[in-house]
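Report on the structure
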Amino acid sequence: MAVIRNIVILTGAGISAESGLKTFRAEDGLWEDHPVEEVATPEGFARDPALVQRFYDERRANIVAAEPNAAHQAIGRLDAQFGGELLIVTQNIDDLHERGGARRVHHMHGEGLSVWCRACDVRHRWTGTLGDGPACPACGEAAMRPDIVWFGEMPYDLDRIFAAVAQADLFVSIGTSGAVYPAAGLVAEANRGGARTLELNLERSAGSHLFDETRLGPASELVPQWVEEVLRA
C-alpha cells in the first residue's frame, strides 16, 4: 500500500445498520414506515409539523438506545492513531461515530441529537422530545425543529467537503447506497483529484463502478480489517 497522508471517509446508513438503526430509505420508498416526503422535506413539516416532530422524537430515542459497533470503533481507532489528515463525512444523523471514539467527524445531513431554533438560529444538543413544543433555551420561543437536512435543503459545509476530497490521496465509502446526491458525487470528485478510491459495502452501490476497489461484506468485519491495514502501512 502506498503511503497515505490524507484520507476522506464517507459513511452512510449501512455502517449503523448493525447497531440496530434502520437504513434511511427502503426499496419501497419508506423510512420507518413513513413516505420520505412526509417526514424528510420542508413541505412535509409545513403540512404536518406534529407528525414530523413525533417521527424525529422516535429517531432520537432510537439513537440514544443504540451502541456503536465494531466499524464505528475501528474508525475511532483510526482517528486516534492516524497522524495524517482525516475527515469523516457521515450522511448519518446518529452520534455513533463520536461514541465510537472519532473526533474528526462532519455530519453533512445534520444530527439527530441536535435541534435548531428557527427564531434565533441557535442549535442545542437535545435528547428529549419536541412533540410538546418546548421553548428554546436561548430565546424562549417555541420554534425548534430537528437539526436535519431534509430533501430540498443544502447539506452542511459542502465547500469544505469537496475541498477535502480534492486533496485526499485515499477516499473510502462505507455503507452507502450511492444513490443520494451530492454525497454520491464525491467519488467522482476524488477520481478527478487522483485519489485512490475504495468501497466497503454489504453489496455494490449504484456508483460501485467508479471505485478502484470494492470489498463486500458486513461493515463490522470489513472496516476493522481495512483500518488495521492503514495503521500497519
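Figured I'd write up the structure that's included with this text. Fair warning: this is a prediction, and the values are worked out from it, not measured in the lab.

1. Details of the pairing of strand β10 (residues 196-201)
- Within β10, five of the six residues are buried, which leaves the element mostly enclosed by the surrounding structure.
- As defined by bridge partners, strand β9 (residues 170-174) adjoins β10 across five bridges and the pair is classed as parallel. Note that in β10 the partner of L170 across the bridge is R196.
- Read from β9 through helix α8 (residues 186-192) to β10, the crossover connection turns out right-handed.
- In this sheet, strand β11 (residues 213-216) lies alongside β10 in parallel orientation, the contact comprising four bridges.

2. Here we look at the sheet that holds β10
- Here we have six strands laid out as an open sheet, ordered β5-β4-β1-β9-β10-β11, and parallel in their pairing. Strands with a single pairing partner mark the edges of an open sheet, and in this sheet they are β5 (105-107) and β11. Averaged over all adjacent pairs, the angle separating strand axes in this sheet is 15°, with direction ignored.
- Along the sheet face, helix α5 (residues 70-81) touches β1 (6-11), β4 (85-90) and β9 and points at about 150° away from the line of β4.
- Contacts from helix α7 (residues 158-167) reach β1, β4, β5 and β9 within the one sheet, and its direction differs from that of β1 by about 130°.

Basis of the calculations
- Residues numbered from 1 in each chain as written.
- Predicted model: local features only at pLDDT ≥ 70, side-chain atom pairs only at ≥ 80, totals over all residues.
- Heavy atoms only, no water.
- Buried < 20%, exposed > 50% of the residue type's maximum accessible area, 1.4 Å probe, protein only.
- Helix = DSSP H or I, 4+ residues; strand = E, 2+ residues; numbered from the N terminus.
- Pairing = 2+ DSSP bridges.
- Right-handed = clockwise from strand over helix to strand, strands pointing away.
- Axes fitted to C-alpha atoms, helices over the stretch in contact; angles between N-to-C directions.
- Contact = heavy atoms within 4.5 Å.

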